[in-house]
Structure formats: C-alpha cells, structure tokens
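Understanding the architecture of this molecule
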Amino acid sequence: MSAKENTLPSTEEIANQTLVLILAGGRGSRLYELTDQRAKPAVYFGGGHRIIDFALSNCINSGLLKIGVITQYEAHSLLRHLQHGWSFLPRERDQFVDMLPARQQLNDQTWYRGTADAVWQNVHIMKEHYRPKYVLILAGDHIYKMDYMQMLRDHIASGAKATVGCIEVPREQAVAFGVMAVNEKLKVKAFVEKPEDPPAMPDRPGSSLASMGIYVFDADYLYEVLEREATSPDTSHDFGNDVIPAAVREGVLYAHPFEKSSKGRNTQGTIYWRDVGTIDSYWSANIDLVSEYPQLDMFDESWPIRTVPKQTAPTKFFYKHNHTRTIDNSLIGGSGVITDAEISNSVIFDRVQVAEGSHIEYAVVLPQVRIGKNCVLRRCIIDRNCGIPDGMQIGVDAELDKQRFRVSKGGVVLVTKTMLAALAAKQKQAEEAAKQKQAEEAAEQKQAEEAAEQ
C-alpha cells in the first residue's frame with residue numbers, strides 16, 4: 001500500500017462525506033411503449049425487481065446511505081416504488097433516500113434540460129442541506145453490481161477532482177458510449193461522446209474504453225463546473241457532452257476501471273454490466289437469468305439486490321391431466337395461478353394467471369397479467385395488467401404480430417394493454433361492419449324476393 005493510500009480517510013468517514021445522486025428522470029425511448037407510463041428506471045426486471053433497485057442496492061451494499069434520486073419523466077410509479085421499498089433508512093442517523101423531482105426551479109418554463117442541469121438545479125439543496133465533500137453521480141437505468149466505495153477510495157488516492165467509471169467494450173459497440181483515452185496512471189487524456197469511429201485501446205485494437213455514466217466529483221469542483229456550464233451559451237447541459245470534456249481539458253479527470261470494483265461476475269469471471277435500453281437487450285437480459293449459468297447471479301447473498309417487499313401467497317400450479325413437460329427453466333413470481341399450462345425458459349412476475357392449454361416459451365410476463373385458454377406466447381414481453389384473450393397466438397406469425405403489436409429488430413414482440421384494447425376495438429368494429437353488411441345483404445335479398453313475387 002502506498003503512503004498516499006495510508007493517509008486516506010476511513011471508509012466510515014468517506015461514507016459520511018459522500019452524497020449519492022441517482023439520475024432517474026429519463027424516459028428510455030428505445031423501449032417504446034414499455035415506458036409510455038413509467039420512467040426507464042421503474043421498468044420491471046428479473047421476476048421481482050425494478051431496474052433502479054440495482055443502483056440503490058449497490059449504494060446500500062457499499063455503505064453509502066445518503067442518497068438523492070432525481071426524477072422527471074412519468075415519475076409516479078417510480079416515486080411509489082421508492083416510498084414503499086426504500087424509505088427504511090433512519091433519518092436521525094443522517095441516512096436517507098430523498099426524492100428530488102423536477103420542480104421548474106430556475107423559472108416557470110424550465111424543466112431539467114439534461115443530466116448536468118438536473119444536478120445544477122439541485123445545487124442549492126446540496127449546499128444548504130447535504131453539504132457533501134464528495135458527490136457520486138449514477139445513472140438509474142443500468143443492471144450491474146458495483147462497490148462504489150472502492151471507486152471513491154481510488155478517486156481520493158489519485159488526487160483527482162473528477163473520476164469516471166469505465167468499462168472495456170468491443171469497438172463496434174462503443175459508438176453508443178462516451179469513449180476515452182488514458183495514460184498509465186489512468187488520467188484521461190481525451191474523451192469523445194458517441195463517436196462514429198471509436199478510438200481503440202492502445203494494447204487492444206478491437207476494444208474501446210467506454211464511460212459507464214458513473215462519476216465521482218469533489219463537491220466544490222462540481223459546483224464550479226456546473227455553474228460555468230449552466231451560464232455557457234453553447235451547451236447541451238449534459239455530463240457526457242459538456243462537463244466531462246471540460247474536466248479533460250482542465251486535466252483533472254481520472255478513470256476508474258469497473259474491473260476493480262465489480263461485484264457481479266459470471267462463471268467465467270467476466271464482469272457484468274448491461275444497458276437494457278432496447279426491447280432486445282431488455283428481453284435477452286431477463287431470459288439469461290433462467291439459463292443454467294446466468295451472466296448475472298440474482299441469488300448472490302453476499303451482494304443482495306433489494307426491492308419492495310411483496311406480501312404474496314405461494315403460486316399455485318394445478319394440473320388436471322398428466323403432462324410429459326409442464327414447467328422448466330423459468331422464474332415464477334408469487335400469488336400466481338397456473339392451470340394445465342406449459343411454461344419454458346420464461347420470466348413470470350407476480351400475480352400472473354395462466355389458463356389451461358396455454359404454452360409459454362422465452363417470454364417475459366410482467367405483473368398482474370391474465371393469459372386465457374389455449375394461448376401461445378413465444379419470444380415476447382407482456383406488459384403489466386394485460387389480458388390475453390383465449391386462443392391468441394403471439395410470436396408465431398411474424399407478419400400478423402407486426403400488424404397488431406410492436407416487433408423489435410430481433411423479432412421480440414412487445415404487447416401492452418393499450419395495444420390489446422386497440423386490437424379489440426378494431427375487431428369489434430370489423431364484427432359490427434360484418435353484421436351491417438350481412439343485414440344489408442339480407443334486406444337486398446328480401447327486396448329482390450318481393451320484387452320477384454310481384
């Protein structure tokens with residue numbers, strides 16, 4: 001251990017001096033209708049959690065217990081989730097999960113204009129009420145396990161004013177990230193946001209070093225750079241586009257490799273971090289959980305992922321007839337009723353009812369869904385509160401699915417309550433039109449018969 005590391009404050013001191021801000025106001029537009037009525041961090045994941053539970057659990061497990069969650073878009077379900085499941089920290093010990101919704105603070109017309117602006121609009125609260133020495137800024141919409149305390153210790157030991165968490169990604173995937181170049185001491189020498197031609201790592205031409213959207217700042221420096229950025233005439237009010245490049249220019253930004261603090265590795269020892277921001281990535285990350293050796297271990301008690309405690313009854317499985325195969329390789333939530341149905345390689349949340357004769361394969365079924373008799377569901381995501389009518393087939397006829405629902409590039413079908421209501425209305429309209437046509441044809445035939453009799 002170096003002399004610098006020997007002089008570091010204790011873990012308890014660092015925790016007491018650190019404020020965590022979780023940016024949870026984004027819509028997640030690439031999830032389409034799945035985020036029509038909820039922010040991306042509030043989207044369900046893994047049979048019983050929501051995406052934001054990972055960032056919050058990482059904080060708790062890291063001993064960081066002063067947390068503010070910044071919300072904006074469709075925040076109602078997210079706020080309820082925080083109130084019901086994350087309000088247990090004792091305020092008398094100066095521990096909290098505070099909710100910081102957009103309040104149009106600068107003037108009557110300004111909501112949060114970007115990630116940096118979301119923090120800037122809460123600076124006066126940070127100065128007056130929280131008074132941190134360090135600020136850890138997280139995105140609330142990624143799936144991973146990380147010891148943030150290790151990143152904070154590295155930040156303090158390096159003497160940096162700002163530190164960015166980074167992960168090695170294939171170069172062709174780096175177009176979706178902020179990409180950086182570092183020296184041997186991990187000082188960031190260059191940073192470019194979402195480049196068309198990502199720079200490769202010096203020793204790995206097929207890989208790039210990508211930002212995870214995780215930042216540690218000395219609080220005084222953060223206030224200073226945010227004030228400059230807020231008053232700049234040429235800004236997008238974003239950490240990746242504006243604040244981080246400024247820190248690079250000033251020579252105060254260092255990188256923290258995720259490998260040093262990752263708490264989630266697969267059986268091959270590979271670190272796990274996912275942005276489940278598309279229909280395909282969200283579906284595949286959920287389905288991976290039911291494999292024999294999943295990339296993410298949701299049953300790891302050494303680094304637990306907490307959520308809202310649910311008062312659910314056991315799920316009932318009732319079979320009237322003998323089956324050679326009933327349920328395999330699946331996660332099933334509580335208070336469900338499964339009757340004479342086959343389920344395979346699927347993630348089924350709580351309070352789901354499946355009627356007899358239905359077959360479900362490679363499906364993600366969110367809470368309180370009712371699936372009728374003799375349905376077929378394959379490679380699909382069924383949103384909360386959907387009612388699948390008897391005999392409906394999803395994931396069988398691709399062209400028919402495209403006419404009725406949302407189909408991703410990878411062929412995953414997204415079904416929502418609104419889509420089903422529109423389909424039912426269309427079918428009812430078609431039935432009424434058919435009845436009208438039948439009545440008109442009958443009237444015409446009657447007129448023709450009467451004319452023939454005359």
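Here the structure is shown first, and the text comes after it.
Right, let's walk through the structure included here. (Residues numbered from 1 in each chain as written. Predicted model: local features only at pLDDT ≥ 70, side-chain atom pairs only at ≥ 80, totals over all residues. Heavy atoms only, no water.)

1. A short note on the overall build of the protein chain
In terms of regular secondary structure, the protein chain is built from 12 helices and 27 strands. The buried share of the protein chain, taken over its 454 residues, is 50%. Long-range pairs, those at least 24 residues apart, make up 59% of the contacts in the protein chain with a sequence separation of at least 6. Of the roughly 22200 Å² that the protein chain leaves accessible, carbon and sulfur atoms contribute 47%. Here the protein chain holds 51 positive side-chain charges and 59 negative ones, and the gap between their average locations is 4 Å. (Helix = DSSP H or I, 4+ residues; strand = E, 2+ residues; numbered from the N terminus. Buried < 20%, exposed > 50% of the residue type's maximum accessible area, 1.4 Å probe, protein only. Contact = heavy atoms within 4.5 Å. Areas by Shrake-Rupley, 256 points an atom, 1.4 Å probe, with all protein chains shown as cover. Lys, Arg positive; Asp, Glu negative; His and termini not counted. Charge placed at Lys NZ, Arg CZ, Asp CG, Glu CD.)

2. Quick word on the sheet that holds strand β14 (residues 316–318)
Read from one edge of the open sheet, five strands run β14-β17-β20-β22-β24, paired in parallel fashion. In this open sheet, the two strands that pair with only one neighbour each are β14 and β24 (387–388). For strand β22 (residues 370–371) and β24, the ladder comprises two bridges, and the chain directions are parallel. Considered in β24, the bridge of Arg370 is made with Gly387. (Pairing = 2+ DSSP bridges.)

3. Quick word on helix α12 (residues 417–453)
In this model α12 runs 54 Å from its N-terminal to its C-terminal C-alpha over 37 residues, within 8% of the 54 Å that 1.5 Å per residue would give. For α12, the set of buried residues is Met419, Leu420 and Leu423. Turning to α12, the residues buried within the fold contact β24, α11 (398–404), β26 (406–407) and β27 (413–415). (Expected span 1.5 Å × (residues − 1).)

4. Details of unusual backbone geometry
A negative phi angle characterises most non-glycine residues, just as the trans form characterises most peptide bonds. Notably, Glu74 is not glycine yet its phi reads approximately 40°, a positive angle. Along the polypeptide, Glu74 turns up in the loop between β4 (66–71) and α4 (76–85). The exposure class assigned to Glu74 is partly exposed, which follows from its relative accessible area of 36%. The phi angle at Asn345 is positive, at roughly 50°, despite the residue not being glycine. As for its placement among the helices and strands, Asn345 is situated in the loop between β18 (342–344) and β19 (347–348). Note on Asn345: relative accessible area 14%, which makes it buried.

5. Observations concerning the packing of helix α6 (residues 123–130) against helix α8 (residues 219–230)
Relative to each other, α6 and α8 sit at 155°, their axes nearing to 11 Å. One way to sum up the angle between α6 and α8 is to call them roughly antiparallel. Relative to α8, α6 is oriented so that their crossing is left-handed. Mapping the contact onto sequence places Val123, Met126 and Lys127 in α6 and Leu222, Tyr223 and Leu226 in α8. Residue composition of the contact of α6 with α8, by class: five nonpolar, no polar and one charged. (Axes fitted to C-alpha atoms, helices over the stretch in contact; angles between N-to-C directions. Parallel < 35°, antiparallel > 145°, perpendicular 65-115°, else oblique. Left-handed = near helix turned anticlockwise from the far one by under 90°. Nonpolar A, V, L, I, M, F, W, Y, C, P; charged D, E, K, R; others polar.)

6. What to know about the nonpolar core
In summary, soluble globular proteins display a tendency toward joint burial of nonpolar side chains. Core analysis: the biggest nonpolar cluster contains 53 residues, and Phe45, Tyr282, Ile382, Ile388 and Ile394 have the highest contact counts within it. Taken together, the elements giving at least two residues each to this core come down to β2 (44–45), α10 (279–288), β19, β21 (359–365), β23 (376–382), β27 and α12. With five residues, the top contributor of residues to this core is α10. Contact partners of Phe45, with chain neighbours within four places excluded, come to Arg50, Ile51, Phe54, Ile143, Val276, Tyr282, Ala285, Asn286, Leu289, Leu296 and Phe349. (Core = buried A, V, L, I, M, F, W, Y, C linked by side-chain atoms within 4.5 Å.)

7. Considering the side chain of Ser208
In this fold, Ser208 is placed in strand β11 (residues 207–218). On the basis of relative accessible area, Ser208 is assigned to the buried category, the value being 0%. Of note is the side chain of Ser208, whose polar atom sits 2.8 Å from the backbone oxygen of Pro199. When sequence neighbours within four positions are dropped, the list of residues in contact with Ser208 reads Ile167, Glu168, Val169, Arg171, Ala174, Val179, Pro198, Pro199, Ala200 and Met201. (Polar contact = N/O pair within 3.5 Å; in protein donor to acceptor, adjacent residues only side chain to side chain.)

8. Looking at empty space enclosed by the protein
If you walk through the whole model with that rule in mind, you get one cavity of 30 Å³ or more. If you trace the largest cavity, you find it lined by Asn16, Gln17, Thr18, Leu19, Lys66, Phe96, Tyr130 and Pro132. Here the residues of the lining of the largest cavity are counted per class, giving four nonpolar, three polar and one charged. (1 Å grid on protein atoms, 1.4 Å probe; cavity = no way out; pocket = protein on both sides within 12 Å on 5 of 7 lines; lining within 4 Å. Points joined across faces, edges and corners; volume = space filled by probe spheres on them.)

9. What to know about the pattern of salt bridges
A full pass over the atoms with the stated rule returns 20 salt bridges. Among the salt bridges present, the one from Lys320 reaches Glu356, with a minimum N-O distance of 2.9 Å. In this pair, Lys320 sits in the loop between β14 and β15 (327–328) while Glu356 sits in the loop between β20 (353–354) and β21, placing the two residues 36 residues apart along the sequence. Judged by relative accessible area, Lys320 falls into the partly exposed class, the value being 48%. Its relative accessible area of 29% is what places Glu356 among the partly exposed residues. In this structure, Arg351 engages Asp350 in a salt bridge whose closest nitrogen and oxygen atoms are separated by 2.7 Å. Looking at Asp350, the relative accessible area reads 6%, which means it is buried. Through salt bridges with shared partners, one network takes in Arg30, Lys40, Asp141 and Asp275. (Salt bridge = Lys/Arg side-chain N within 4 Å of Asp/Glu carboxyl O.)

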